[in-house]
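Each chain, letter by letter, is given below.
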Amino acid sequence: MTSQKKCIVDDQIFSPEDGMEICELNPIIQNLILKDYPKLSEHDLICSVHLVDYRLKYANAIISKGVKRNRKSNERLTEIMKSDAYKVIDISQKLESKQTFGQKLADNVAKFGGSWPFIIIFVFFMIFWIIINTTQLFGKGFDPYPFILLNLFLSMLAAMQAPLIMMSQNRSAEYDRLQANNDYHINQKSENEIREVHSKLDHLLQEDNTSFLEIQKMQLEMLGDIQKHITEQSKIITELSQESHKA
């Protein structure tokens, strides 16, 4: 009977097997108990029933901490999504929707002027021009050597084609500029989202897993206490049964 102690919570008398001393507990659970009972000593007893309450309180604190961190992470991700007001656009559709007739004509001229069909047609045209004026198929050449009229046409063609090609190149430069700006905003948005996802993964791997292991450890301790009580009760029952048989 001398080994029996009072529970620090309800002052009921318990044997050491029905509880644990403060010094035997997890330091975090010790701190939780000391907050409620600051004048305790290391060898004071807390019964198993009230110890379960503090262990559940500790588990709830771990879970609440993880929930708060996840909520903050979700709030940051939501803020990132809201703060980025840039709307991703289709550059080709945007440029084509406001394209004028002159711009379409410049694009078509530049496209045809930089193709093999144009080169082949132009080569055959010059060869045909030279043959007509050198062999005088129609009786007399209208542009004899050195083909001054052909040089004039070529100069006029180059003078007209060069500005049209430059207009098309300016449109290409505008497209590249808008596309680069669009890609920059998309990459910036993706980077912020990926950074936040990494933060959540780090929290999951480093803190949530640790908390989960702490809860599992506490569950094993509780199961160990239950097994201990069951074993002790079995011994008592066995001893009482043996004494009854002897009697």
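Residues numbered from 1 in each chain as written. Predicted model: local features only at pLDDT ≥ 70, side-chain atom pairs only at ≥ 80, totals over all residues. Heavy atoms only, no water.

### Comments concerning the packing of aromatic side chains
And step 1. Applying the stated rule across the entire model yields five aromatic pairs.
And step 2. Taken together, a centroid distance of 5.6 Å and an interplanar angle of 75° make the contact between F112 and F118 edge-to-face.
And step 3. Among the aromatic side chains, those forming a connected cluster through ring pairs are F112, F118 and F122. (Phe/Tyr/Trp six-rings, centres within 6.5 Å; stacked < 30°, edge-to-face > 60°.)

### Description of the pattern of salt bridges
And step 1. All chains considered together, the criterion is met by one salt bridge.
And step 2. When the shortest N-O distance is used, the salt bridge between D36 and K57 registers 3.9 Å. Of this pair, D36 sits in helix α1 (residues 27–36) while K57 is found in helix α2 (residues 48–83), placing the two residues 21 residues apart along the sequence.
And step 3. Accessibility expressed as a relative area gives 39% for D36, which makes it partly exposed. (Salt bridge = Lys/Arg side-chain N within 4 Å of Asp/Glu carboxyl O. Helix = DSSP H or I, 4+ residues; strand = E, 2+ residues; numbered from the N terminus. Buried < 20%, exposed > 50% of the residue type's maximum accessible area, 1.4 Å probe, protein only.)

### Some words on helix α5 (residues 116–135)
And step 1. For α5, which comprises 20 residues, the first-to-last C-alpha distance of 28 Å matches the rise-based estimate of 28 Å (1.5 Å per residue) to within 8%.
And step 2. Buried within α5 we find F118, W129, I132 and N133. Angular distribution of buried residues about the axis of α5 spans 85°; they occupy a single face of the element. Exposed and oriented more than 90 degrees from the buried face of α5 are W116 and F124.
And step 3. At the C-terminal side of α5, Q136 shows a positive phi close to 50°. (Expected span 1.5 Å × (residues − 1). Arc of directions from axis to C-beta.)

### Let's talk about the side chain of N133
And step 1. Among the secondary structure elements, N133 is positioned in helix α5.
And step 2. Not counting the four nearest positions on each side in its chain, N133 is found in contact with G141, F142, D143, P144 and F147. (Contact = heavy atoms within 4.5 Å.)

### Let's talk about the confidence of the model for the protein chain
And step 1. This prediction gives the protein chain a mean pLDDT of 76; 77% of its residues lie at or above 70.
And step 2. Across the protein chain, element-level confidence peaks in α5 with a mean pLDDT of 88 and bottoms out in helix α3 (residues 91–97) with 67. (pLDDT = per-residue confidence, 0-100.)

### Brief notes about unusual backbone geometry
And step 1. A cis amide bond links Y145 with the next residue in sequence, P146, at an omega value of 20°.
And step 2. Note on placement: P146 falls in the loop between α5 and α6 (148–246).
And step 3. Even without being a glycine, F147 presents a positive backbone phi close to 55°.
And step 4. Secondary-structure assignment places F147 in the loop between α5 and α6.

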